[in-house]
Amino acid sequence: ICLLIRPVWQQIDQYFYTRRVNFQYPWWLEWELLISLGKLGDSTSLEVIIEFVDHSEIDVIEASLDAFYSITGTDEEEVDFDEFDCKAPLLEWLGEHQSDFNSEIRYFDGQPFSLQAFISELIDPNPGTRFTAIENLRAYTNVTIPYSGNGLVSSMLKSQSNWQEWYNTNKTNFPDG
């Protein structure tokens, strides 16, 4: 996915740059880019993500912070925010922790990306965690196995077992990281 998004974005950027030097993308396009970067888990994009923290649209700022937190696994309590400046504390945090990330690996919640981790979260007590897990499994694999995060525990266990069976068969196509 990373290899697909970067060239396309560079082509779009080059197109608009050659047409209008002071062109600004619509905020919703920047919002979609940030959501995608967060899902992608590419730690090399963290500086780009941080640049959007000063945006005029609150939705873009929230998407920027969500993408940052999704990749790094950190949260608001771990970053010492200044009342008037959000960018500097994030850049400072990144400077201190950048060596923790390998540019060749994708990350989710500060850990190397793993479908196995999402499968284990399908029976997490937190409904939000279950929702995120099934959403990510479906997005990354393009596979839909019936699952109801609010159903009976026996149903969730059966779905988790089905996902595990599918993963065991296809794990060579989805290496960690």
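Details of the structure are given in the entry above.
Residues numbered from 1 in each chain as written. Predicted model: local features only at pLDDT ≥ 70, side-chain atom pairs only at ≥ 80, totals over all residues. Heavy atoms only, no water.

S.K.: I keep staring at the packing of aromatic side chains and nothing clicks. Help me out?
M.R.: The geometry of an aromatic ring pair is captured by two quantities: the separation of the ring centres and the angle between the planes. Overall, the coordinates contain 9 aromatic pairs when judged by the stated rule. Plain terms: the ring middles of Phe68 and Tyr69 are 6.0 Å apart, the flat faces sit at 70° to each other, and that makes the pair edge-to-face. Of the two residues examined, Phe68 and Tyr69, each falls in the buried class. With a centroid separation of 5.4 Å and 50° between ring planes, the pair formed by Trp166 and Phe174 is classed as tilted. When its relative accessible area of 19% is taken as the criterion, Trp166 is described as buried. (Phe/Tyr/Trp six-rings, centres within 6.5 Å; stacked < 30°, edge-to-face > 60°. Buried < 20%, exposed > 50% of the residue type's maximum accessible area, 1.4 Å probe, protein only.)

S.K.: Whenever I open this one, the packing of helix H7 (residues 127-141) against helix H8 (residues 153-170) confuses me. Can you help?
M.R.: Packed helices, taken two at a time, are described by the angle between their axes plus the distance between the axes. The contact between H7 and H8 brings their axes to 13 Å, and the two run at 30°. The pairing of H7 with H8 is recorded here as roughly parallel in orientation. For the element pair H7 and H8, the recorded crossing hand is left-handed. Within the contact between the two elements, H7 uses Arg130, Ile134, Leu137, Arg138 and Thr141 and H8 uses Met156, Trp163 and Trp166. Looking at side-chain class alone, the contact of H7 with H8 contains 5 nonpolar, 1 polar and 2 charged residues. (Axes fitted to C-alpha atoms, helices over the stretch in contact; angles between N-to-C directions. Helix = DSSP H or I, 4+ residues; strand = E, 2+ residues; numbered from the N terminus. Parallel < 35°, antiparallel > 145°, perpendicular 65-115°, else oblique. Left-handed = near helix turned anticlockwise from the far one by under 90°. Contact = heavy atoms within 4.5 Å. Nonpolar A, V, L, I, M, F, W, Y, C, P; charged D, E, K, R; others polar.)

S.K.: For this particular structure, what's the right way to read a negative patch on the surface?
M.R.: On the surface, Asp75, Glu76, Glu77 and Glu78 cluster together into a negatively charged patch. The topology assignment puts Glu77 in the loop between helix H4 (58-72) and helix H5 (87-97). Judged by relative accessible area, Glu77 falls into the exposed class, the value being 69%. (Patch = residues over 30% accessible without salt bridge, like charges linked within 9 Å, V, L, I, M, F, W, Y side chains within 5 Å. Areas by Shrake-Rupley, 256 points an atom, 1.4 Å probe, with all protein chains shown as cover. Salt bridge = Lys/Arg side-chain N within 4 Å of Asp/Glu carboxyl O. Lys, Arg positive; Asp, Glu negative; His and termini not counted. Charge placed at Lys NZ, Arg CZ, Asp CG, Glu CD.)

S.K.: What am I meant to see in the environment of Ser120 here?
M.R.: Mapped onto the fold, Ser120 is located in helix H6 (residues 115-120). Residue Ser120 is classed as partly exposed on the basis of its relative accessible area, which comes to 42%. As for Ser120 and Ala133, which are separated by 13 residues in sequence, their C-alpha atoms are 8.5 Å apart.

S.K.: What am I meant to see in the pattern of salt bridges here?
M.R.: Any two side chains of opposite charge can pair if their charged atoms end up close together. Scanning the model with the defined rule gives 3 salt bridges in all. In this structure, the salt-bridge partner of Glu135 is Lys39, at a minimum N-O distance of 3.2 Å. A residue pair is termed long-range when its members are at least 10 positions apart, and Glu135 in helix H7 and Lys39 in helix H2 (residues 27-40) qualify at 96 residues. Overall, the relative accessible area of 31% leaves Lys39 in the partly exposed class. One salt bridge connects Asp54 with Lys87, and the closest N-O pair in it is separated by 3.2 Å.

S.K.: Could you clarify how one ought to interpret unusual backbone geometry in this entry?
M.R.: Backbone geometry places Asp109, a non-glycine residue, at a positive phi of 55°. Looking at the secondary structure, you find Asp109 in the loop between strand E1 (107-108) and strand E2 (111-112). Of the residues examined, Asp109 reaches a relative accessible area of 44% and is grouped as partly exposed.

S.K.: Sorry, what's going on with the environment of Trp163 here?
M.R.: Within the secondary structure, Trp163 sits in helix H8. Since its relative accessible area comes to 0%, Trp163 is described here as buried. Between the C-alpha atoms of Trp163 and Leu137, which are 26 residues apart in sequence, the distance is 8.9 Å. Setting aside its immediate chain neighbours within four residues, Trp163 contacts Ile119, Leu122, Ile134, Leu137, Arg138, Thr141, Val143 and Ile145.

S.K.: Explain the nonpolar core to me, please; I cannot follow it from the model alone.
M.R.: The tendency in soluble globular proteins is for nonpolar side chains to be buried as a group. Counting residues in each nonpolar core, the largest one holds 22 residues, and the members touching the most others are Leu34, Leu46, Ile49, Leu65, Phe68, Leu90 and Trp93. For this core, the elements supplying multiple residues, two or more each, are H2, helix H3 (46-51), H4 and H5. Top element by residues in this core is H4. It accounts for 8 residues. Among all residues touching Leu34, those that are not within four sequence positions of it are Ile49, Phe52, Val60, Ala63, Ser64 and Ala67. With 17 residues, the next largest nonpolar core counts Phe118, Ile145, Trp163 and Tyr167 among its residues. (Core = buried A, V, L, I, M, F, W, Y, C linked by side-chain atoms within 4.5 Å.)

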